[in-house]
Amino acid sequence: MQTDVCIIGAGPAGLISAALLAQAGIETIIVEHRARDYVLQRVRAGVLEQSTVETLRHLGAASRLDREGLVHEGFVLAFGETTVRIAFPDLVPGRHVTVYGQTEVVRDLVAHREAAGLPLLFETEAVAIENLDGSPRVVCRRAGETVLVSCRLVFGCDGFHGLARRALPPEAIKTSEIAYPFGWLGVLADVPPAHEELVYAASDRGFALCSMRSSTRSRYYIQVPAGERLEDWPEERFWAELRRRLPAEIAARVREGPAIERSIAPLRSFVAEPMRIAHLLLLGDAAHVVPPTGAKGLNLAAADAWYAARAAIKFLRAGDEAALDAYSATALTRVWRTERFSWMMTKLMHTFPDLTPFEAKMQDAERSYVAASHAARTVIAENYVGLPLD
Ligand code: APR
Ligand code: PHB
């Protein structure tokens, strides 16, 4: 097969970049290792920055998002029984976020691509990338057969565990990483949310988050030690622990229901740079991972897609090598700022098993400063609604 851009992975990074390229008249083939049903059902994050919403609107893929997405004008930080509202109209006037599941974003984009009749090959795993310095070729396995995709550029949108980053010579990439000593146990249930806004709660027992997908579907998380197994968390234990970590008034409003989905995700901060080597561009989780505390993973993937598509369009239309060169630095500026915010929020809200007494005091001081200072809350609000996409 032959195309302009071979896109590996049909997550948000792959689907958004493919749609942006298609809109500019550039040919793309997406290869996705997993089956269609799996990709459409996978439960992930749920908070969209305004620039992500605008990108989806620009693509004409936002009609359901505009109908069903919940506009949120703030969220709540809880420190024990003390609650602090991050109120966007006051702190970052005119800005907000939209609560809409990544699962729904992926569904809308797959529908959008299939309606246009553009190639999206499920159950097709990229196993090698050849000739990156010239005209690349992506070698794929599909139902025991080899499929070869020849192209001019490769977009590696295949997530943290994908092939693209690892296909590069190790000396070409510098990685920076922190593994946190905990993960998040998430539960999705068809019960009304405990609170009308998201609640990020720090308690002596660890962090908890009340999120939602709609007025009838809630998404809850609790911090659990790294390596914890799902079997050790029967549903009753989860609900009891969640309530104990929330302010009493919010805990009293938690409605329990059978889990539609349960999973444990490790928390990690990770960046690989540069994000372009020759004719391969890395996007989304393939290049960087943020802990979910800032709700940034999906939004960073969308920002990369925007920058990568812009660079590829200039390169493919006009041979503009400088545009391709600029991709990595442009994307990484936003990536590092977003890494900083996600790391800061993670450190602010979680219980760390091995803090020195001094570090524990610093965490207390940071929390009381956020509660007391309009400027500190503005920093959080500005980052949470999303940095500019320029
Ligand atoms: N060949 C083809 N597809 C692959 C391969 C491969 N070798 N390896 C991985 N994939 C696919 C995965 O099956 C997955 O569908 O690449 C896709 C990567 O998608 P995501 O993991 O959703 O990554 P990304 O698009 O960067 O989106 C980042 O997703 O992980 C969340 O929290 C994260 O919200 C963030 C967002
Ligand atoms: C979610 O709803 O899944 C969610 C919301 C906010 C976060 C992380 C996850 O910070």
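Draft legend 1. Quick peek at the overall build of the chain. Of the regular secondary structure elements, the chain holds twelve helices and 20 strands. C-alpha atoms of the chain, sized along the principal axes, occupy 60 × 40 × 40 Å. Of all 390 residues assigned to the chain, the portion counted as buried reaches 56%. Partitioning the intrachain contacts of the chain with sequence separation of at least 6 by distance along the chain shows that 73% fall at a separation of at least 24.

Draft legend 2. Region of the structure containing the packing of helix α1 (residues 12–23) against helix α6 (residues 102–115). Between α1 and α6, the shortest axis-to-axis distance is 10 Å and the interhelical angle comes to 35°. Read as a crossing pair, α1 and α6 show a hand that is left-handed. Note on element contacts: α6 touches α1 through Gln102, Val106, Leu109, Val110, His112 and Arg113, opposite Pro12, Leu15, Ile16, Ala18 and Ala19. Considered class by class, the residues forming the contact of α1 with α6 number eight nonpolar, two polar and one charged.

Draft legend 3. Looking closely at helix α12 (residues 374–385). Given a rise of 1.5 Å per residue, twelve residues ought to cover 16 Å, and the 16 Å separating the end C-alpha atoms of α12 matches this to within 8%. Listed in full, the buried residues belonging to α12 are Ala376, Arg377, Ile380, Ala381, Asn383, Tyr384 and Val385. Measuring from the backbone nitrogen of Ala375 back to the side-chain oxygen at the start of α12 gives 3.2 Å, which picks out Ser373 as the cap.

Draft legend 4. Geometry of the site of ligand 1. By nearness alone, 26 residues border ligand 1, and Glu32, Arg42, Arg44, Gln102 and Asp285 come closest of all. Note that an oxygen atom of ligand 1 is positioned 2.8 Å from one of the side-chain N or O atoms of Arg42. Asp285 is positioned such that a nitrogen or oxygen atom in its side chain is 2.8 Å from an oxygen atom of ligand 1. Its free accessible area being 710 Å², ligand 1 has 88% of it covered by the protein chains. Only α1, β9 (124–130) and α9 (297–318) provide two or more residues apiece to the shell around ligand 1. Broken down by class, the residue content of the shell around ligand 1 amounts to ten nonpolar, nine polar and seven charged.

Draft legend 5. Summary view of the pairing of strand β6 (residues 82–87). The sheet contact formed by strand β5 (residues 74–79) and β6 spans six bridges and is antiparallel. Looking at β6, one finds that Leu77 is bridged to Val84. Hairpin geometry of β5 and β6 is characterised by an intervening segment of two residues between the two adjacent antiparallel strands and by a positive phi of about 60° at Gly80.

Draft legend 6. Structural detail: the environment of Ser211. Along the chain, Ser211 falls in strand β15 (residues 208–214). Setting aside its immediate chain neighbours within four residues, Ser211 contacts Leu198, Ser218 and Arg219.

Draft legend 7. How the structure looks around the sheet that holds strand β7 (residues 97–99). The three strands are arranged β3-β7-β4 in an open sheet whose pairing can be described as antiparallel. Unpaired on one side and paired on the other, β3 (47–48) and β4 (70–72) mark the two borders of the sheet. Relative to β7, β3 is paired through two bridges, and the arrangement is antiparallel. What sits directly across from Leu48, in β7, is Thr98.

Draft legend 8. Spatial organisation of the site of ligand 2. As a structural note, the neighbourhood of ligand 2 is formed by 15 residues, with Tyr200, Ser211, Arg213, Tyr221 and Pro292 the closest of them. At 2.6 Å, a side-chain N or O of Ser211 approaches an oxygen atom of ligand 2. Contact between ligand 2 and Tyr221: an oxygen atom at 2.6 Å from a side-chain N or O atom of the residue. If ligand 2 stood free it would expose 280 Å²; the protein chains cover 99% of that surface. At the level of elements, β15 and β16 (217–225) are the ones that each hand at least two residues to the shell around ligand 2. Among the elements that take part in the shell around ligand 2, β15 stands out by supplying three residues, more than any other. Here the shell around ligand 2 is composed, by residue class, of nine nonpolar, three polar and three charged.

Draft legend 9. Representation of the packing of aromatic side chains in the model. On inspection of all chains with the given rule, the structure shows 13 aromatic pairs. Both rings, one in Phe182 and one in Phe352, keep their centres 5.1 Å apart while their planes meet at 75°; by these two values the pair is edge-to-face. Linking Phe182 in strand β13 (residues 174–189) with Phe352 in the loop between α10 (321–349) and α11 (357–372), this pair joins segments that are 170 residues apart in sequence. Aromatic rings pair up to connect Phe75, Phe88, Trp184, Tyr200, Phe207, Tyr221 and Tyr384 into one cluster. If you follow Arg237 out to its NZ or CZ, it ends over the ring of Trp233, 3.6 Å from the centre. Its end group placed over the ring of Trp343, Lys347 keeps NZ or CZ at 3.7 Å from the ring centre.

Criteria and thresholds
Residues numbered from 1 in each chain as written. Chains lettered and ligands numbered in written order. Predicted model: local features only at pLDDT ≥ 70, side-chain atom pairs only at ≥ 80, totals over all residues. Heavy atoms only, no water. Helix = DSSP H or I, 4+ residues; strand = E, 2+ residues; numbered from the N terminus. Buried < 20%, exposed > 50% of the residue type's maximum accessible area, 1.4 Å probe, protein only. Contact = heavy atoms within 4.5 Å. Axes fitted to C-alpha atoms, helices over the stretch in contact; angles between N-to-C directions. Left-handed = near helix turned anticlockwise from the far one by under 90°. Nonpolar A, V, L, I, M, F, W, Y, C, P; charged D, E, K, R; others polar. Expected span 1.5 Å × (residues − 1). Polar contact = N/O pair within 3.5 Å; in protein donor to acceptor, adjacent residues only side chain to side chain. Near = heavy atom within 4 Å. Areas by Shrake-Rupley, 256 points an atom, 1.4 Å probe, with all protein chains shown as cover. Pairing = 2+ DSSP bridges. Phe/Tyr/Trp six-rings, centres within 6.5 Å; stacked < 30°, edge-to-face > 60°. Lys NZ or Arg CZ within 6 Å of the ring centre and 35° of its normal.

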